[in-house]
Amino acid sequence: MRVAVIGAGTMGGGIAQVAAMAGHGVRLFDTDPARAGAARTAMRGSLEKLHGKGRLGDDLPDDVLDRVAPAGSIAAACDAADVVIETVVELIEVKQEVFRQIAEAAPAGALFGTNTSQLSITRIGSVLGDGADRLVGMHFFNPPVLMRLVELVAGLGTSEETIARAEAFARGLGKETVVCRKDSPGFMTSRVSAIVRLECLKMVEEGVGSPADIDKALRLGLNFPMGPLELGDFNGLDTYLHALEALEVAHGERFRPTVTLRNLVAAGRLGRKTGRGVYRYGPDGAKLDDGTPAG
Ligand SMILES: NC(=O)c1ccc[n+]([C@@H]2O[C@H](COP(=O)([O-])OP(=O)(O)OC[C@H]3O[C@@H](n4cnc5c(N)ncnc54)[C@H](O)[C@@H]3O)[C@@H](O)[C@H]2O)c1
């Protein structure tokens, strides 16, 4: 199949890689050429690691990379695509504008997926008119190469055929699926992870413990694979802030972002992608401190 991925940030490169590893031809577009370049570098590193572990089958890293072509525009990426996955910044207006352009360029039968973590699929699809039946939430997790779930989300207009196609596509990528049949902000996963991380940030602000100890407590005491604060840095604090703002509108005050989170984002401390978030990171990605977000 031909897959277009729109947005090459934290998630887009990984989704492109997963699709290419499954044998699909991928075209990847980002408005920021630097992000597209960085995505390719990250893909190479990941593919070399996977190859070293014998997890690429008969493919060499270059075979997979050769299946991912950069595109110069949304129209070029979507031309002749069977599946289009949008994974741009978590802002409704931006996603709607991107889908206007996708709808103009993609073939009539193409399946549309949005990787939003919590926005309304129905609202994103409202710009598609009758074509909203072919849009489905296709929520991958970070990093897409390792995380096993794709959470599918039906908007009000999403057809059963679209859900079935998305399930088949995701399973073809080697993923498990769940279907969120009610288009409720935050779906099944993001509203839980958002509130857990928020509680951790509140504990930091209240001085209950250091970020490192809070993360350690949840890892070792509650069996979280990663502490919520380190995971927030990994996923991007700006993305998290956008998500909380939308969840607050949808579900109320309990999702209100903390002042510290707003300050971190205002200061450009967005997590691993900028070298500093709750924690500070070295050039090799190693954590350099115990986390001092108020400092
Ligand atoms: N980061 C995560 O852990 C995670 C997990 C699951 C889902 N998501 C969702 O995935 C989406 C992307 O998140 P991310 O973390 O990759 O964000 P990111 O900020 O790392 O990347 C977003 C990319 O979109 C690009 N972009 C912005 N406007 C564009 C446009 N009009 N056309 C093409 N590209 C454009 C930006 O240049 C940037 O490279 C969001 O909807 C987010 O909620 C993120």
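Predicted, not measured: the structure shown is a model, and the values here were computed from it. Think of each chain on its own: its residues are numbered from 1, step by step along the sequence as written. Totals for whole chains, interfaces and linings use all residues, but because this is a predicted model, local features are given only for residues with pLDDT of at least 70 and pairs of side-chain atoms are given and counted only at 80 or more. Note: side-chain values were computed over all heavy atoms of the structure, leaving out hydrogens and water.

What exactly am I supposed to notice about the overall build of the protein chain here?
Strands are runs of DSSP state E lasting at least 2 residues, helices are runs of H or I lasting at least 4, and numbering of each runs from the N terminus. Across its full length, the protein chain carries 12 helices and 8 strands. When we talk radius of gyration, it's over C-alpha atoms, and the globule rule is simply 2.2 Å times the number of residues to the 0.38. The C-alpha atoms of the protein chain give a radius of gyration of 19 Å, which matches the 19 Å a tight globule of 295 residues would have. Along the three orthogonal principal directions, the C-alpha set of the protein chain runs to about 55 × 45 × 30 Å. A 1.4 Å probe rolled over the protein chains alone gives each residue an accessible area, and that area as a share of the maximum for its type sets the label: buried under 20%, exposed over 50%, partly exposed in between. In the protein chain, which comprises 295 residues, the proportion classed as buried is 48%. Of all intrachain contacts in the protein chain linking residues separated by at least 6 positions in sequence, the fraction that spans at least 24 positions is 65%. Every residue pair with non-hydrogen atoms within 4.5 Å of one another is taken to be in contact.

Sorry if this is basic, but what is going on with the site of the ligand here?
In the region of the ligand, 26 residues are neighbours, and M11, D30, E90, K95 and S117 sit closest. Whenever two N or O atoms come within 3.5 Å, that pair is a polar contact, provided that in protein one can donate a hydrogen and the other can accept it, and provided that, for residues adjacent in sequence, both atoms are side-chain atoms. Within the contact set of the ligand, an oxygen atom lies 2.4 Å away from a side-chain nitrogen or oxygen of E90. Using the Shrake-Rupley algorithm and a 1.4 Å probe, accessible areas are obtained, with residue cover drawn only from the displayed protein chains. Considering the ligand on its own, with 830 Å² of exposed area, one finds that the protein chains cover 89% of that surface. Top element by residues in the shell around the ligand is helix α5 (residues 92-105). It accounts for 3 residues. Side-chain classes are defined by residue name, with Ala, Val, Leu, Ile, Met, Phe, Trp, Tyr, Cys and Pro counting as nonpolar, Asp, Glu, Lys and Arg as charged, and the others, Gly among them, as polar. Of the residues assigned to the shell around the ligand, the class counts are 8 nonpolar, 12 polar and 6 charged. Domain start and stop points were drawn from an automatic or database domain assignment. Domain assignment of the residues forming the shell around the ligand places at least three in each of domain 1 (2-180) and domain 2 (190-274). Here, proximity means that at least one heavy atom of the residue falls within 4 Å of the molecule or strand.

Looking at this model, I keep getting lost on the environment of A110. Mind explaining?
Along the polypeptide, A110 turns up in the loop between α5 and β5 (111-114). Judged by relative accessible area, which is 1%, A110 ranks as buried.

How should helix α1 (residues 12-21) be read in this particular structure?
For the α-helix, the turn length of 3.6 residues means that residues three or four positions removed from each other point alike. The element α1 is largely enclosed, with a buried count of 9 among its 10 residues. Listing the buried residues of α1 in full gives G12, G13, G14, I15, A16, Q17, V18, A19 and A20. Residues of α1 that are buried sit in contact with β1 (2-6), β2 (25-29), α2 (33-52), α3 (61-66), β3 (68-70) and β4 (83-86). Looking one or two residues beyond α1, the residue adopting positive phi is G23, at roughly 100°.

When you look at the domain arrangement of the protein chain in this model, what are you seeing that I'm missing?
When the parts of a complex come together, some accessible area is lost, and that lost area is often taken as the interface size. Partitioning the protein chain into domains gives domain 1 (2-180) and domain 2 (190-274). The distance between the C-alpha centroids of domain 1 and domain 2 comes to 26 Å. In this assembly, 11 residues from domain 1 lie in contact with 8 residues from domain 2. Of the roughly 770 Å² buried where domain 1 meets domain 2, counting both sides, 59% is carbon and sulfur surface. Two parts placed together each lose some accessible area under a 1.4 Å probe, and the buried area is that loss summed for both. Taken as a group, E90, Q118 and N142 account for 51% of the area that domain 1 buries against domain 2, more than any other trio of residues on that side. One speaks of a salt bridge when a side-chain nitrogen belonging to Lys or Arg is within 4 Å of a carboxyl oxygen belonging to Asp or Glu. Joining domain 1 to domain 2, the criterion identifies 0 salt bridges. One can count 2 residue pairs in polar contact (both at pLDDT 80 or more) joining domain 1 with domain 2. Taken together, the residues that form the side of domain 1 that touches domain 2 break down as 4 nonpolar, 5 polar and 2 charged.

Explain the pattern of salt bridges here, please?
If the charged atoms of two oppositely charged side chains come close together, the side chains can form a pair. Scanning all chains against the criterion turns up 15 salt bridges. Note that R100 is salt-bridged to E97, the shortest N-O span being 3.0 Å. On the criterion of helical spacing, the pair formed by R100 and E97 is a turn pair, its members being 3 residues apart in helix α5. The exposure class of R100 is partly exposed, given its relative accessible area of 40%. A salt bridge links E167 to R171; the nearest nitrogen and oxygen atoms lie 4.0 Å apart. Of this pair, E167 and R171 both sit in helix α7 (residues 160-172), separated by 4 residues, roughly a single helical turn. According to the relative accessible area criterion, E167 is partly exposed, its value standing at 21%.

Explanation requested: the pairing of β1 in the structure shown.
It is a general feature of regular strands that their side chains alternate between the two faces of the sheet. Among the 5 residues that make up β1, 4 are buried, leaving the element largely enclosed by the rest of the structure. DSSP-based pairing: two strands are paired if at least 2 bridges between them are found. Across 5 bridges, β1 lies against β2 in parallel orientation. Looking at the pairing, V5 lines up with L28 of β2. By definition, the crossover connecting two strands over a helix is right-handed if that path, from the first strand to the second, turns clockwise as seen with the strands pointing away from the viewer. Read as a crossover between parallel neighbours, the route from β1 over α1 to β2 is right-handed. Here β1 runs beside β4; their pairing, made up of 4 bridges, is parallel. Opposite V3, over in β4, you have V83 as the bridge partner.

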